[in-house]
Structures are given as C-alpha cells and as structure tokens.
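Structural description and commentary
As a plain string of letters, each chain reads:
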Amino acid sequence: MNVQQNLKIRLKSVLKYNKLRTDRAIALLPESKQPLFHVLPFLLHINHKNFPGFIETENVPYGLTNFNFKDKLKEALLTLFPESREVIEQVRDIWPKKRAIDSILLMGSIGSIGQSAKSDFDYWVCIDGARFSAREKKLLQQKLILVEQWADEVHDIEVHFFLSEIEMVKNNDFGEASGESAGSAQAVFLKSEFYATNIMIAGKVPFWWLVPESTTDVQYGKLWGILQAGSEPDPKWFMDLGNVERLVKAEIFGAAIWQISKAMDSPFKSVLKMAKLEVFLENIEQERPLCNILKKRVHFFERFSDDPRLVDPYAMMFDQLIEYYSKAGREDVVELLKKCLYIKSECKLSEPTLAREVNFKRQIIEGYVTRWNWNSPRLQHLDNLKHWDFSEVSSLGQQIHNFLIGCYRRLSAKIQQQEQLVKIEDSTVIGRKLDSFYTKKEGKIVYLKRAFDEGLLLSDITIRSELDLSSPGKKRWTVYRGEIHHWDDKDIESCFLKESNDPMDLVLWCVFNRIIDARTNILVTRNCEPITAESLLQFVTQLQEMFPPIRISDIPRNKLLAPARIIKCLTVINFESWPNIAEVQTVRTAYQTSWGELYSVAGFEALEDLRRDLFHTRRKPEIYVKTHESPHKSRIFEEFKERTQMDFDNLL
C-alpha cells in the first residue's frame, strides 16, 4: 500500500470522527439553539443585507471553500429568518463567485463531555493572509464581529471568531496576549489543544490529521510535498497549519500563568488544564501530546468508536490527570478534579431522565460515577449546588485557586533554570492581571476567589453590628445571606458572608464581588443606627455606577502595560454619623486603578497621600465627594474643602 492510499484511508477515518463530533455538538445544544450551529458558517459564506454580518462595502472578503447548501441549513435559515424566505429559496443568487476563507473550524469543549449550556463557540477562521490587503482583512474582521454580536444579542450564545492566517499558524505565531488570545505565552500548547479538540465545520482539512501520530516535523514536510494536484488525495482539500511533534518545555511558564489568568473566569476549565501542564512536565521525556494520542485512535476509529470515552478529547485529558495524581498519592487533588468535572458536566445524575434524553455525555459521566462509587446523597448534594451555603461555595473556590497557585509554584520551581519563550510584554500583561486578582495589599478590597463566574448574587442580605470587644468604642460589622430575624437560630453561621470593622468596606466588597446590587433587599439590625437600609441601598446604587464589578481578564492590554493610575475616586464623609451632625467626623476614600484594583482608606492623612495621583496628573481621575442629605451638607463640604485644600468638582 503506497503513501497516497494510506492518506486516503486515514482521511475516511478522520471524516467519520468529525461527523461523530459534529453530531455530539448538536445533540448537546438545546433544540432552540441547534439551527444556529448550521447558520453561523453560512453567515461567513454570504454577504447580504437580509442577514447578520452584512458589510455594504466593495471588496469585503467572504465565502467558504467547499461549502455546500444542505437541507438542514435551509431548514435552519427558514427557522431563524422566515422573513427572508424568498432570498433563501433563491440562495444561488447570492452565492459568492470567489471564496475568501479556506476553512472554518470549532475548537474547545464543543462536541465533548466538556460542552455545557454556557460553552463558547470558538472558531478558527483560516485564510491565506498573502491574498488580502490590510484593509480587506480589517473588513473581514468587522464582518466577523457583526456576526458575533448578533449571536450574543439575539441568541445569547458567546461566539468568538479568531481570524487565523495559515502561514502564521504554521509558524506558531498567534499574536499578542489580549482578550481571548494567549499570544506568545503558549503557542505550541495552543496548537496542540486546537488539534485535540477541533471540529471541521467547512472548508479544507488540516493536513496534520492525515499523518501518523509519531510523525516528525521533517517527515511531515515530506508527506506534504507528496501531494500532487489532480491526484487523490488532492492538495486543494487540505491546508498546512504545521505539525505538532512534541510540546515545548520552554512554554510551560507562559502556559501556566495564562491558565491562572483564565481561571478568574473559568476556574473549572483551568483546573484541568493547569493539572495537564503539571502532568506533562513530570513526564517530559516520554509524554506524547494528547492530540497525537487522539489522532492515533481516530486513525483506527472502528476499533475505538464503541466506547464514547476513548475518542472524547476532554475525557482523555481527564483520564490522564486522574492516573497521574492517583499514582502520586494526591487524593485531595483527585477528589477536586472529579468534583470539578462532574459539576462542569451539568448532568445532574440524581434527577430522573427519559431514555431518549440519555446522550453520550451522560453515558460517560455515569460510567465515571459508577467507578468512583459515588452514592445518591453525594450526587444530590452536588446537583443542588445553587443552594449550597456561601461558606461551602467559597471553600470550593478557595480549593480551586489554592490548587492553581500551588501547581504554578511547583511548575516554576522545576523550570526556573529553563529559558522560557513567553514575550516580556505578554508576561507583563498576564503577571499584572495575577497581581491585581491575587495579591493582598493594605486597603485593597479583595477579589472573592469564587468557583463560579456567576450565581452568587443575593436577593436578600442582613447587616448586623456589634461592639468589638477587642477595640473599646468600636463596632464589628457583619453581613449575612437572607433576611435574619432570630439570632439564636443554630443555622445562623451557614448564612455568614463577611465581617469588617468598617461598614463601607463591607458594602464595597459585596458590590465589587457581585454579591449584591441595587435590586438586593437589605435588612439592617437596630444596633446599626444611624445607618439605615434606605441609605445603604442608595449607596449600593451609587457604588454600582462608580465601581461596577469587573473581570480582570477584560482589562485592555494597553492599560496593563502602562503604570497603574487612579481612574475613579469617591470620598465619603460621615458614613456612620447621624444626618444632623454639622461637622466632619469621619472620612473614608475608595478609589479604583487602571489595573482593576479597588482600595478603601480612612482619614485625612490617607487622602493627603493620594493628592498627587488625584490632582497633579496628566489625566485627572473622576473624583467625587459624598455625605448625607441634610441642612448641614454645604457646611460639611466647606469644612472638608478647607481642611484638605482639595477641589472636588463632583459633590454627591
């Protein structure tokens, strides 16, 4: 059997596997979202005013190579765009004469047991960059953004199109670290993950899929050179994104800090990926990239297809991790990984399901749970996650972040003498994100180390104050989940959220960490006077406007490369005083930096320390001062201004 015949045989297996992954991806989507799966590539194939992504400019690149109009696509279009039936019926009239996009591929958890209701759709849109001018690439990028926005606003699905130039990907050039891009932090790791998880949606097949799993870079180049136009397999069916012979030890550091930075948004996903880095480094000499292990199974697809777990990239990764940490005697990590996988799967095995609703993911997770000997009470507890005590939710979040930091430190210790490939700028950007999120500093409002990116917003809270026995004359403030009227209740501790010696700091922490917002019902106990529920709710509303919750991962690259500066400042006078007080008794200042940190400091001296950053800077921050509404408000402001000699333009 010659080389071309081997390539053809492997291509058939790859296409069978790709269909399996495609079917799995669609099966895990809610029925209402399934038409979108078919329509998204179509929106890149055409450019018409009736459909999202239309750009009314000449020379905008569009059109997918080898894209066909199938019955399922027609049904999906009629479902989503019934008003455009006439155009859809005559779709050949808007069909592109030229095809600008070589291939569009999905990567990530879609089509695996890692797919959930909130999974992003991450597409690589592959083009031959040499064919297009800078303006044309910009127009295509604009088209992709319009489709992304439509998917988000109309269908509540987060879609990312990564415009990928084939030659750059081949050379492991993925740009700078910003937003969703890993930049230079983990180029080969990113390509390896792409190959391990991609689903070919339309266009050319990555040639990598056809070469044996142990192919060296030199052998890969020779096999690519064997393809001849007009013979099978024809080179026009494929694109060369490069080989992955082995992972690069010099990328470990960059990959590690990138995963920790991503953990701020997706801790479950990052726990598994961070663990994967540790496993790889431990077995550096003999470890093959997961994508190559998967490819071998795909090439022998008939042998492995009976067990849905064996060709699922997410399950394969998980199995590697459990094997490694079990052998290492790290049962604490094993249990954490199991818990993270189960929660992320959203299978909820304790709830009954109809036979027709049992999909491949549920089958795989049921198999895991059976091997783990998990009982019904444990499953019920995990499935009841939304009703966990705050302390338990916080504990899981802390376990996750402790593992991530511990793993990072172990990796750093092992590779400290190894030269790393991450660019200085990328390392700076990611390092400053980590510093903003993790580092404790005097006066800093700490980020909650949450396990989940959402789900902690409370409808009701209770704030209580008591005398602080360790500081005579001072109070201790505590916030609890829910409305609490009976303080002798034995379950009161399960409602505890946080305590502080300052009520303003307590409210700042709750707002900044998305625990409460202006819709939250606030109950205060009598001993909180003169602070009232009404005044706190008003304060929460103002804080939401001034210091809304942010995601560190969303901070623009240019801000993180520049020195941190204050961008907003709020000074509150007499927060704990009665409104009829006619003099300045207390001063507390909250300010936010361009690196996403929020601070709270007390007193005139602390405010004086900020004078230069507030008033003697090229870009003056937004500065506000606030006190109670009372007949004495103007007098208090005048006294404050006289004592500080600071000119606050905005009075609240």
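One structure accompanies this document, and this report is about it. None of the values given here were measured: they were computed from a predicted structure. (Residues numbered from 1 in each chain as written. Predicted model: local features only at pLDDT ≥ 70, side-chain atom pairs only at ≥ 80, totals over all residues. Heavy atoms only, no water.)

Considerations on helix α18 (residues 424–438)
For an α-helix, the turn length of 3.6 residues means that residues three or four places apart are oriented alike. Here α18 is 15 residues long and its end C-alpha atoms lie 21 Å apart, about the 21 Å a rise of 1.5 Å per residue gives. Buried within α18 we find Asp426, Val429, Ile430, Lys433, Leu434, Ser436, Phe437 and Tyr438. (Helix = DSSP H or I, 4+ residues; strand = E, 2+ residues; numbered from the N terminus. Expected span 1.5 Å × (residues − 1). Buried < 20%, exposed > 50% of the residue type's maximum accessible area, 1.4 Å probe, protein only.)

With respect to the packing of helix α10 (residues 267–282) against helix α17 (residues 390–415)
Remark: α10 packs on α17, axes separated minimally by 10 Å, with the N-to-C direction vectors making an angle of 25°. Between α10 and α17, the interaxial angle falls into the category roughly parallel. Of the two possible hands of crossing, α10 and α17 adopt the one that is left-handed. Facing α10, whose interface residues are Pro267, Phe268, Ser270, Val271, Met274, Ala275, Leu277, Glu278, Leu281 and Glu282, α17 presents Leu396, Ile400, Phe403, Leu404, Cys407, Tyr408, Arg410, Leu411, Lys414 and Ile415. Taken together, the residues of the contact of α10 with α17 break down into 15 nonpolar, one polar and four charged. (Axes fitted to C-alpha atoms, helices over the stretch in contact; angles between N-to-C directions. Parallel < 35°, antiparallel > 145°, perpendicular 65-115°, else oblique. Left-handed = near helix turned anticlockwise from the far one by under 90°. Contact = heavy atoms within 4.5 Å. Nonpolar A, V, L, I, M, F, W, Y, C, P; charged D, E, K, R; others polar.)

Comments concerning the layout of surface pockets
Looking at the second largest pocket, its volume works out to about 930 Å³. In terms of lining residues, the second largest pocket is bounded by 24 residues, among which Asn18, Lys70, Met200, Ile201 and Ala202 are the most central. Every element with two or more residues in the lining of the second largest pocket is listed here: α1 (3–27), α2 (34–45), α3 (71–80) and β6 (199–203). Residue classes in the lining of the second largest pocket are distributed as 13 nonpolar, six polar and five charged. (1 Å grid on protein atoms, 1.4 Å probe; cavity = no way out; pocket = protein on both sides within 12 Å on 5 of 7 lines; lining within 4 Å. Points joined across faces, edges and corners; volume = space filled by probe spheres on them.)

Thoughts on the pattern of salt bridges
It is possible for side chains bearing opposite charge to pair when their charged atoms get close. Considering all chains together, one arrives at 33 salt bridges under this definition. The salt bridge involving lysine 8 is made with glutamate 232; its shortest N-O contact spans 3.6 Å. With lysine 8 in helix α1 and glutamate 232 in the loop between α8 (217–226) and β8 (238–239), this pair connects stretches of sequence that are 224 residues apart. On the accessibility criterion, lysine 8 (32% relative accessible area) is partly exposed. Salt-bridge contacts for lysine 327 lead to glutamate 323; the nearest nitrogen and oxygen are separated by 3.2 Å. Within this pair, lysine 327 and its partner glutamate 323 are both found in helix α13 (residues 313–327), separated by four residues, close to a single helical turn. Here the salt bridges share partners, and the residues they tie into one network are Asp435, Lys441, Lys444 and Glu597. (Salt bridge = Lys/Arg side-chain N within 4 Å of Asp/Glu carboxyl O.)

Let's talk about the state of the cysteines
By definition, a disulfide links two cysteine residues through a covalent bond between their sulfur atoms. Following the criterion strictly, the structure yields zero disulfides and no others. Looking at the unpaired cysteine 407, the closest cysteine sulfur is the one in cysteine 340, lying at 13 Å. No disulfide involves cysteine 528; its sulfur sits 13 Å from that of cysteine 510, the nearest cysteine. The buried category is assigned to cysteine 528, whose relative accessible area is 1%. (Disulfide = S-S within 2.5 Å.)

A few points about empty space enclosed by the protein
Any empty space left between the atoms is revealed when a probe the size of a water molecule rolls over them. Across all of its chains, the model carries two cavities of 30 Å³ or more by this definition. Looking at the second largest cavity, its volume works out to about 40 Å³. Lining the second largest cavity are Ile463, Trp477, Pro503, Leu506, Val507, Ile531 and Leu536. When residues in the lining of the second largest cavity are grouped by element, the largest group, three residues, is from helix α19 (residues 503–512). Its residues assigned to classes, the lining of the second largest cavity comprises seven nonpolar, no polar and no charged.

Quick look at α3
Taken together, the buried positions of α3 are Leu73, Ala76, Leu77, Leu78 and Leu80. If you follow the buried residues of α3, they end up packed against α2, α4 (85–89) and α5 (134–155).

What to know about the sheet that holds strand β1 (residues 103–107)
Reading across the sheet, the four strands line up as β3-β2-β1-β6 and stay open at both edges, with mixed pairing between neighbours. Every other strand in the sheet has two partners, leaving β3 (159–165) and β6 as the edge strands with one partner each. Looking at each pair of strands side by side, their axes are set apart by 25° on average, direction ignored. As judged from the four bridges shared by β1 and β6, these two strands associate in the antiparallel manner. Bridging across to β6, isoleucine 104 finds its partner in alanine 202. Against the sheet, helix α7 (residues 187–197) touches β1, β2 (121–127) and β6, its axis set at about 95° to β1. (Pairing = 2+ DSSP bridges.)

Focus: the packing of aromatic side chains
The geometry of an aromatic ring pair is captured by two quantities: the separation of the ring centres and the angle between the planes. Scanning all chains against the criterion turns up 36 aromatic pairs. Judged by centre distance (6.2 Å) and plane angle (35°), the rings of phenylalanine 604 and phenylalanine 640 are tilted. Placement of phenylalanine 604 in helix α22 (residues 603–609) and of phenylalanine 640 in helix α24 (residues 633–644) is noted, with a sequence separation of 36 residues between them. Through a chain of ring-to-ring contacts, three or more aromatic side chains come together here, namely Tyr17, Trp124, Phe194, Tyr195, Trp208, Trp209 and Phe301. If you follow arginine 92 out to its NZ or CZ, it ends over the ring of tryptophan 95, 4.5 Å from the centre. Over the aromatic face of phenylalanine 437 sits the side chain of lysine 449, whose NZ or CZ is 5.4 Å from the ring centroid. (Phe/Tyr/Trp six-rings, centres within 6.5 Å; stacked < 30°, edge-to-face > 60°. Lys NZ or Arg CZ within 6 Å of the ring centre and 35° of its normal.)

Concerning the sheet that holds strand β16 (residues 622–626)
If you walk across this open sheet you meet the five strands as β15-β14-β13-β16-β17, and the pairing is mixed. Each end of this open sheet is capped by a strand with a single partner; those strands are β15 (598–602) and β17 (650–651). Packing against the sheet, helix α20 (residues 533–546) makes contact with β13 (566–573), β14 (587–593) and β16, and its axis sits at approximately 165° to β13. Set on the sheet, α24 makes contact with β13, β14, β16 and β17; between it and β13 the angle comes to about 120°.

Focus on the packing of α2 against α5
Remark: α2 packs on α5, axes separated minimally by 10 Å, with the N-to-C direction vectors making an angle of 155°. Considering their axes alone, α2 and α5 lie roughly antiparallel with respect to each other. Between α2 and α5 lies a crossing whose hand is right-handed. On the side of α2, the interface is formed by Leu36, Val39, Leu40, Leu43 and Leu44, while α5 contributes Lys143, Leu144, Val147, Trp150, Ala151 and His155. Of the residues contributing to the contact of α2 with α5, the split by class is nine nonpolar, one polar and one charged.

Looking at the pairing of strand β10 (residues 475–481)
Alignment of strand β9 (residues 460–467) against β10, held across seven bridges, turns out to be antiparallel. Bridge assignment links threonine 462 to a residue of β10, and that residue is tyrosine 480. Summarising the sheet, β10 and strand β11 (residues 496–500) pair through four bridges and their orientation is antiparallel. Counterpart to threonine 478 in the pairing with β11 is glutamate 499.

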